Amino acid sequence: SFVAKRIPLRAFIVAAGPVMNFVWAFIVIVGVLMLAGLPTFGDPIVGAVTAGSRAESQGVMVGDRIASVNGVEVENWAEIYAEVANSPSGLLLELADGRRVEFELQTIIDDETPAFEFGIEPHVPPVVGGLQGRSPAAAAGIRKGDRILSIDGVAVRDWFDVGDEIRAHPDSDIEIVWERGGTEM
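Residues numbered from 1 in each chain as written. Predicted model: local features only at pLDDT ≥ 70, side-chain atom pairs only at ≥ 80, totals over all residues. Heavy atoms only, no water.

Draft legend 1. Main features of the overall build of the protein chain. Secondary structure assignment for the protein chain yields five helices and 12 strands. Here the protein chain, with 185 residues, has 23% of them falling under the buried criterion. Restricting to contacts in the protein chain with at least 6 residues of sequence separation, those with at least 24 account for 50%. (Helix = DSSP H or I, 4+ residues; strand = E, 2+ residues; numbered from the N terminus. Buried < 20%, exposed > 50% of the residue type's maximum accessible area, 1.4 Å probe, protein only. Contact = heavy atoms within 4.5 Å.)

Below, the structure is given as structure tokens:
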């Protein structure tokens, strides 16, 4: 019986359960990441420029492609954010068209996380990455991989626009036009 076992063996048995919970959680997380990968934003294209920011004042525009940050070539937004995190105070962005934008980072401290504001956000194409089972979008027939074209007749170019249009119509039905495999739906 358990009580008759020596104390070191009982301690091992008691500790084995919680340890295996951590091991199992690690295995599950690694498995999910191996199968699905890490979510990342794609190409280093500017999707939004904060009004009044240094980026705006230096002429950074929606659609600009970022070629390098502080002299390090970047291929996606994860690499941009890594360079921003490694920059103690300032950034030098080189855009694909050769323009150079230099500015200081503004640290924003909120209740949850410190962050850096540098006046630009990634371009996130309005392509559905996943749906919740019984969501209105799923009920309407939208599927993973569909590209949202317009909401209530207003064309959307990225997920910022999608969010803005949906928030503009709270508690009301909206008409969404999307594309699947080249066919408008």
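Picking up where we left off.
Draft legend 2. The arrangement of a nonpolar patch on the surface in detail. A cluster of nonpolar side chains, contributed by V19, M20, V23, W24, F26, I27, V28, V30, V32 and M34, occupies part of the molecular surface with about 1000 Å² of accessible area. As for its position among the elements, V28 is in helix α1 (residues 7-36). (Patch = residues over 30% accessible without salt bridge, like charges linked within 9 Å, V, L, I, M, F, W, Y side chains within 5 Å. Areas by Shrake-Rupley, 256 points an atom, 1.4 Å probe, with all protein chains shown as cover. Salt bridge = Lys/Arg side-chain N within 4 Å of Asp/Glu carboxyl O.)

Draft legend 3. Main features of the packing of aromatic side chains. Tallied over the entire structure, the rule returns one aromatic pair. Centre to centre, the rings of W77 and Y81 are 5.6 Å apart; their planes meet at 45 degrees, and the pair counts as tilted. With W77 and Y81 both in helix α3 (residues 77-85) and four residues apart, this pair spans about one turn of that helix. (Phe/Tyr/Trp six-rings, centres within 6.5 Å; stacked < 30°, edge-to-face > 60°.)

Draft legend 4. Up close: the sheet that holds strand β10 (residues 154-155). Taken together, the four strands give an open sheet; going across it, the order is β10-β9-β11-β12, and neighbouring strands pair in antiparallel fashion. The open sheet terminates on both sides in strands that have one partner only, identified here as β10 and β12 (183-184). On top of the sheet, helix α5 (residues 159-167) reaches β9 (147-151) and β10; it is set at about 40 degrees to β9, its chief contact. (Pairing = 2+ DSSP bridges. Axes fitted to C-alpha atoms, helices over the stretch in contact; angles between N-to-C directions.)

Draft legend 5. Region of interest: the pattern of salt bridges. For the structure on display, the rule yields eight salt bridges. Across the pair D97 and R99 runs a salt bridge, and its minimum N-O distance is 2.8 Å. Take R99: its relative accessible area is 26%, and that puts it in the partly exposed class. A salt bridge links D161 to R157; its shortest N-O distance comes to 3.8 Å. Where salt bridges share partners, they join D64, D97 and R99 into one cluster.

Draft legend 6. Geometry of the layout of surface pockets. What the largest pocket holds in volume is close to 420 Å³. For the largest pocket, the lining is made up of 17 residues, of which P136, A137, I142, I166 and I176 are closest to its centre. Of the voids in this model, the second largest pocket is the one considered here, and its volume is about 170 Å³. For the second largest pocket, the full set of lining residues is V124, P125, V127, G129 and W159. Of the residues that constitute the lining of the second largest pocket, the class distribution is four nonpolar, one polar and no charged. (1 Å grid on protein atoms, 1.4 Å probe; cavity = no way out; pocket = protein on both sides within 12 Å on 5 of 7 lines; lining within 4 Å. Points joined across faces, edges and corners; volume = space filled by probe spheres on them. Nonpolar A, V, L, I, M, F, W, Y, C, P; charged D, E, K, R; others polar.)

Draft legend 7. Examining unusual backbone geometry more closely. A positive phi is found at D152, a non-glycine position, where the angle reads about 50 degrees. Positionally, D152 belongs in the loop between β9 and β10. You will see that D171, though not glycine, has its phi angle at about 55 degrees, which is positive. With respect to the helices and strands, the residue D171 is situated in the loop between α5 and β11 (176-180). Classification of D171 by relative accessible area gives exposed; the value is 86%.

Draft legend 8. Quick look at the sheet that holds strand β3 (residues 72-73). Taken in spatial order, the four strands of this open sheet run β3-β2-β4-β5, and their pairing is antiparallel. Of all strands in the sheet, those with a lone pairing partner are β3 and β5 (100-104), marking the two edges. Sheet topology places strand β2 (residues 66-69) next to β3; two bridges connect them, and they run antiparallel. Counted as the bridge partner of V69 is V72 from β3.

These figures come from the coordinates and say nothing about function on their own.
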